[in-house]
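# Observations on the three-dimensional arrangement
As a plain string of letters, each chain reads:
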Amino acid sequence: KKQLPLCAPLALSAIEIMGRTLRDAWCNGDDLKLRSEIMLGSVQSAIAAHNSSLSLLHAMAYTLGNFFSMPYGLAYSVMLPHWLDFCHLAKHSEFAQIARALGESTDGLNAADTAERVVIAIKRLCTDLEIPTLRELIKDSLTFENEIEKMAQHVHATGLAANNARFATPTR
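Below you will find a few notes about this structure. Per-chain numbering applies: the sequence of each chain, read as written, is numbered from 1 onward. Restriction of local features to residues with pLDDT of at least 70 applies here, the model being predicted, together with a cutoff of 80 or more for giving and counting side-chain atom pairs; totals for whole chains, interfaces and linings are based on all residues. The side-chain quantities take in all heavy atoms of the structure and omit both hydrogens and water.

Helix-helix packing is described using two parameters, namely the angle between the two axes and the distance between the axes. For helices, the fitted line uses only the C-alpha atoms of the stretch in contact; every axis is such a line through C-alpha atoms, and the angle between N-to-C directions lies from 0 to 180 degrees. Only DSSP runs of H or I reaching four residues or more are called helices, and only runs of E reaching two or more are called strands; each is numbered from the N terminus. Viewed as axis vectors pointing N to C, helix α5 (residues 92–101) and helix α6 (residues 111–128) meet at an angle of 50 degrees, and their least axial separation amounts to 8 Å. On the basis of the axis angle, α5 is oblique to α6. Crossing geometry of α5 relative to α6 is assigned as left-handed. Judged by residue contacts, His92, Phe95, Ala96, Ile98 and Ala99 of α5 engage Ala111, Ala112, Thr114, Ala115, Arg117 and Val118 from α6. Under the grouping applied here, Gly and all other residues not named as nonpolar or charged are polar, the nonpolar ones being Ala, Val, Leu, Ile, Met, Phe, Trp, Tyr, Cys and Pro and the charged ones Asp, Glu, Lys and Arg. Residues belonging to the contact of α5 with α6 are distributed by class as follows: eight nonpolar, two polar and one charged. An angle below 35 degrees is read as roughly parallel, one above 145 as roughly antiparallel, one from 65 to 115 as roughly perpendicular, and any other as oblique. In this scheme, a crossing is called left-handed if the near helix is turned counterclockwise away from the far one by less than a right angle; it is called right-handed if the turn is clockwise. Whether two residues are in contact is decided by their heavy atoms, any of which lying within 4.5 Å being enough.

Right, let's get into the packing of helix α3 (residues 56–68) against helix α8 (residues 141–157). Their axes nearest at 10 Å, the elements α3 and α8 cross at an angle of 135 degrees. When the axis of α3 is compared with that of α8, the two are oblique. Regarding α3 and α8, the two cross each other, and that crossing is right-handed. Of the residues in α8, those touching α3 at Leu56, Ala59, Met60, Tyr62, Thr63, Leu64, Asn66, Phe67 and Phe68 are Thr143, Phe144, Glu147, Lys150, Met151, His154 and Val155. In terms of residue class, the contact of α3 with α8 is made up of 10 nonpolar, four polar and two charged.

Let us look at the environment of Glu16. Considering the arrangement of structural elements, one finds Glu16 in helix α1 (residues 7–27). Among the residues examined, Glu16 registers a relative accessible area of 30% and is labelled partly exposed. The sequence separation of Glu16 and Thr127 amounts to 111 residues, and the corresponding C-alpha distance is 19 Å. Here the term buried applies to any residue with accessible area under 20% of the maximum for its type, exposed to any over 50%, and partly exposed to those in between, with areas from a 1.4 Å probe on protein chains only.

The next subject is the packing of aromatic side chains. Working definition: a ring pair exists when centres of Phe, Tyr or Trp rings (six-membered ring for Trp) sit within 6.5 Å. Plane angles under 30 degrees give stacked, over 60 give edge-to-face, the rest tilted. Following the criterion strictly, the structure yields two aromatic pairs and no others. Measuring from centroid to centroid gives 5.8 Å for Phe68 and Phe144, while their planes differ by 40 degrees, and the two rings are tilted. You can see Phe68 sitting in helix α3 and its partner Phe144 sitting in helix α8, a full 76 residues away along the chain. Residues Tyr72 and Tyr76 carry aromatic rings whose centres are separated by 6.0 Å and whose planes lie at 45 degrees to one another, so their mutual orientation is tilted. Taken together, the residues Tyr72 and Tyr76, both in helix α4 (residues 72–87) and four residues apart, mark about one turn of the helix. Among the residues examined, Tyr76 registers a relative accessible area of 26% and is labelled partly exposed. Throughout this description, the term charge over a ring refers to an Arg CZ or Lys NZ atom that lies within 6 Å of the ring centre and within 35 degrees of the ring normal. One cation-aromatic arrangement involves Arg166 over Phe86; the distance from NZ or CZ to the ring centre is 4.2 Å.

Listed below in structure tokens is the structure:
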């Protein structure tokens, strides 16, 4: 919710770069031009993130990593589609910009459908990059179920839920 004016343009530029190059860079790791573009997108996203209030997604990834010894980047990637699915209804215009930055066709779509395109695009990207699902990563579903309430409290205690695009509580 709180960000410097430079954050949104940098974040959108990073999203555009990643959306355009990430699949190819993942498939062709030796391509230095693609890797350079990914590096530029990473730097832009880091500048944007460090000059704005982090959201619920960051708290969820941090918590998941702590509870299940999962690297932050992996936890973030696993949780991103779920977070987008939860938040896209709250910020149609921002999500429309993200959809366009990802190269999604939005012509003729209403605001809600345009926002939904982001969720679909990121789910497709995660599949293409073979990012595992939460269920695939945490084999012991009973342990996960037993930890959900503690994890929700931990996420809420970070205070980052207050910065989220859509209001969230430990039970929602």
